[in-house]
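Report on the structure
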Amino acid sequence: RISSLTLYLEKLHEKGLGGADHTTLLLNCYTRLKDVSKLDAFIAAATSFEDENERHAGKTQYGGSFDVSTAIRVLRGAEYFEHALFLSKQAGDYDWYFRILFDDLKRYEEGIEHIAQLEPNVRKGPLL
């Protein structure tokens, strides 16, 4: 059953008809099936951008109705922390990025090093 649902949701996304709820459901299917290769492929496709403007347009919308915040919550809930970390970094969402790095992965040193590399105006967010 879940395989059929996954196939249906994949086809919806291939045709550009998948909304935010469909994306959430598809990610849940991948995590329940433990299909890391499809999860990797979906996230890679959803985070490939033409340019910086496209990357930052809307901040939470990628690949049509791809809701990054929801996807990150799904991935964290399923304990796919590295995937959530990658997605948050690609989206430029530093709040999620540092929350995952510090709270979930306990990689404090890496987080501090990354904060030091940020532009001063961006650096304030993770420190608040």
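Above this text you will find the structure in question.
As a starting point, this report considers the structure included with it. (Residues numbered from 1 in each chain as written. Predicted model: local features only at pLDDT ≥ 70, side-chain atom pairs only at ≥ 80, totals over all residues. Heavy atoms only, no water.)

Observations regarding the overall build of the protein chain
Applied cut-off: Only runs of H or I of at least four residues qualify as helices and only runs of E of at least two qualify as strands under DSSP, and these elements are numbered from the N terminus. Working definition: with a 1.4 Å probe on protein chains only, accessible area under 20% of the residue-type maximum means buried, over 50% means exposed, and in between means partly exposed. Whether two residues touch is decided by their heavy atoms; if any such pair falls within 4.5 Å, the residues are in contact. The accessible surface values rely on the Shrake-Rupley method and a 1.4 Å probe; as for residues, cover is taken only from the protein chains in view.
Scanning the protein chain from terminus to terminus reveals nine helices and two strands. For the protein chain, the proportion of its 128 residues judged to be buried stands at 41%. For the protein chain, contacts bridging at least 24 residues in sequence account for 41% of all contacts bridging at least 6. A total accessible area of about 7700 Å² is found for the protein chain, and carbon and sulfur atoms account for 51% of it.

Focus on helix α2 (residues 20-33)
The condition is simple: Here the expected length of a helix is defined as 1.5 Å per residue gap, with one fewer gap than residues.
Between its terminal C-alpha atoms α2 stretches 20 Å, which fits the 20 Å expected from 14 residues at 1.5 Å a residue. T23, T24, L26, L27, C29, Y30 and T31 are the residues of α2 that are buried. Of the residues flanking the end of α2, it is K34, one or two places downstream, whose phi is positive at about 55 degrees.

Things to note about the pattern of salt bridges
Going by this rule: Any Lys or Arg side-chain nitrogen located within 4 Å of an Asp or Glu carboxyl oxygen qualifies as a salt bridge.
Inspection of the entire model under this criterion finds five salt bridges. Of the charged contacts in the structure, one is a salt bridge between R107 and E82, with a shortest N-O distance of 2.5 Å. Placement of the pair is R107 in the loop between α7 (94-104) and α8 (108-117) and E82 in helix α6 (residues 81-91), with a sequence separation of 25 residues. E110 is the partner of R107 in a salt bridge, and the nearest nitrogen-oxygen pair spans 2.8 Å. Relative accessible area serves as the criterion here: at 26%, R107 is assigned to the partly exposed category. One network of salt bridges, in which partners are shared, links E82, R107 and E110.

A look at a nonpolar patch on the surface
To keep things clear, this is the line we draw: By definition, no residue in a patch forms a salt bridge, and every one has over 30% relative accessible area; like charges are joined within 9 Å, nonpolar side chains (Val, Leu, Ile, Met, Phe, Trp, Tyr) within 5 Å.
On the surface, L5, Y8 and L25 cluster together to form a nonpolar patch covering roughly 270 Å² of accessible area. In this structure L5 comes out as partly exposed when scored by relative accessible area, which is 31%.

Description of the packing of aromatic side chains
Heads up, the rule is: Pairing of aromatic rings covers Phe, Tyr and the six-membered ring of Trp, with a centre-to-centre limit of 6.5 Å; geometry is then stacked below 30 degrees between planes, edge-to-face above 60, and tilted otherwise. Each ring is checked for a lysine NZ or an arginine CZ that lies within 6 Å of its centre and within 35 degrees of its normal; such an atom marks a charge sitting over the ring.
Applying the stated criterion across every chain, the model contains five aromatic pairs. Pairing F98 with F102 gives two aromatic rings, centres 5.8 Å apart and planes at 25 degrees, and the pair type is stacked. Linking F98 with F102, this pair stays in helix α7, spanning four residues, or about one helical turn. Given a relative accessible area of 3%, F98 falls into the buried group. Among the aromatic residues, those joined into a ring-pair cluster are Y94, Y97, F98, F102 and Y108. Across the ring face of W96, the terminal group of R99 is positioned such that the distance to the ring centre comes to 4.6 Å.

Notes on helix α5 (residues 68-77)
Judged by how many residues are buried, α5 sits mostly within the fold: eight of ten residues are covered. Once α5 ends, the next one or two residues include E79, with phi positive near 65 degrees.

Let's talk about the side chain of E10
Tracing the backbone through its elements, the reader meets E10 in helix α1 (residues 2-14). Looking at E10, the relative accessible area reads 13%, which means it is buried. Setting aside its immediate chain neighbours within four residues, E10 contacts L26, Y30 and K38.

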